[in-house]
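Architecture and fold: a report
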Amino acid sequence: MANVEKRLSGNVAGDFFVDSTCIDCDACRQLAPEVFTDSGDASIVFHQPANIAETRRALMALVACPTGSIGTLVPQNFRAGIDAFAMPIDENVYFCGFTSESSFGAWSYLILRPESEGGNVLVDSPRFASQLVKKIAAMGGVRKMFLSHQDDIADHARFADKFGCERIMHADDGAKRLGIEWIMEAADEVQIDRDLVAIPTPGHTRGHAVLLYKKRFLFTGDHLAWSAERETLTAFRSVCWYSWDAQIQSMEKLLNYNFEWVLPGHGRIHHDTSENMRVHLERCIGWMKARR
Ligand code: SF4
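Residues numbered from 1 in each chain as written. Predicted model: local features only at pLDDT ≥ 70, side-chain atom pairs only at ≥ 80, totals over all residues. Heavy atoms only, no water.

**Here we look at the pairing of strand 14 (residues 209-213)**
Counted only if it meets this: The classification of residues rests on relative accessible area computed with a 1.4 Å probe and restricted to protein chains. Under 20% of the type maximum is buried, over 50% is exposed, and intermediate values are partly exposed. A run of H or I in DSSP counts as a helix once it spans at least four residues, and a run of E counts as a strand once it spans at least two, with each numbered from the N terminus. By this definition, two strands are paired if DSSP reports at least two bridges between them.
For strand 14, the buried fraction is high: five of the five residues fall into the buried class. Here strand 14 shows a buried face lined by A209, L211 and Y213 and a second buried face lined by V210 and L212. Pairing between strand 13 (residues 196-200) and strand 14: five bridges, direction antiparallel. Each residue of the ladder has a partner; that of I199, found in strand 14, is V210. Where strand 14 meets strand 15 (residues 217-221), three bridges bridge the pair, whose relative direction is antiparallel. Residue L211 lies in a different strand from strand 15, and its bridge partner there is F219.

**Some thoughts on the pairing of strand 18 (residues 261-264)**
Judged by which residues are buried, strand 18 turns out to be covered on both faces: W261 and L263 on one side and V262 and P264 on the other are all buried. Here four bridges tie strand 15 to strand 18, and the two strands are oriented parallel to one another. Bridge assignment links F217 to a residue of strand 18, and that residue is W261. As judged from the two bridges shared by strand 18 and strand 19 (residues 270-271), these two strands associate in the antiparallel manner. Bridging from a neighbouring strand, W261 pairs with H271 of strand 19.

See below:
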């Protein structure tokens, strides 16, 4: 819980506030854009929640915040924020909330599937918070856990212990050292089961990979995201730790796949037709090549 003595001066007067421990991960601004805004290198509250829906979204941001940087001056019904996760995105795909500081607030997702289709899949690791763990258990647990890359693994080992799930990760991001059960070795795609394809996308890190579900949902880790500013798909040049040229090649590889959703660890989610996604992906590749 945030400390009122560390309350940032830019917060508008009122109950909700952000304190100086904010790491500027953007989660609150995505979840409650009518309440939180960017003030440079941190978020602040620019508009106090004015109705039940806005209060609920502000409480969801409070719960999702990786650093506990959002607080309230008077006690709130925090259950409203806790119970909102896992949050439905589309069909059987959910956002887990409860982001982890160790992965800089990266977003993780849950795919809900019956056992006959291979069971539930956790994509990257949320914080191992008891409220979320109980909720996931009630939703059927976790059969597989896909880890896009080494930065967003957070509490993967605790989830594997709790649910006995099989973890999938590429060898080039230290999968063996992490005790991963299913280690991807090559540069080629891996058909995980009927509906899941793992696609190695080196660039952000050497062993980065993305996950395609049902040719609709592309879980992109830190490889690809939507840019709200430029209103198109983008990659993150300043945090490309391995190779920008390799990331461009990986982006070109994705032209071979259809998808309608981009669900990243960092950056914004986007939904569009597969045809429009392709246009945005080509635009992204051109933008990347201009920044070699
Ligand atoms: S979710 Fe928390 S850490 Fe992230 S920008 Fe908001 S206040 Fe800062």
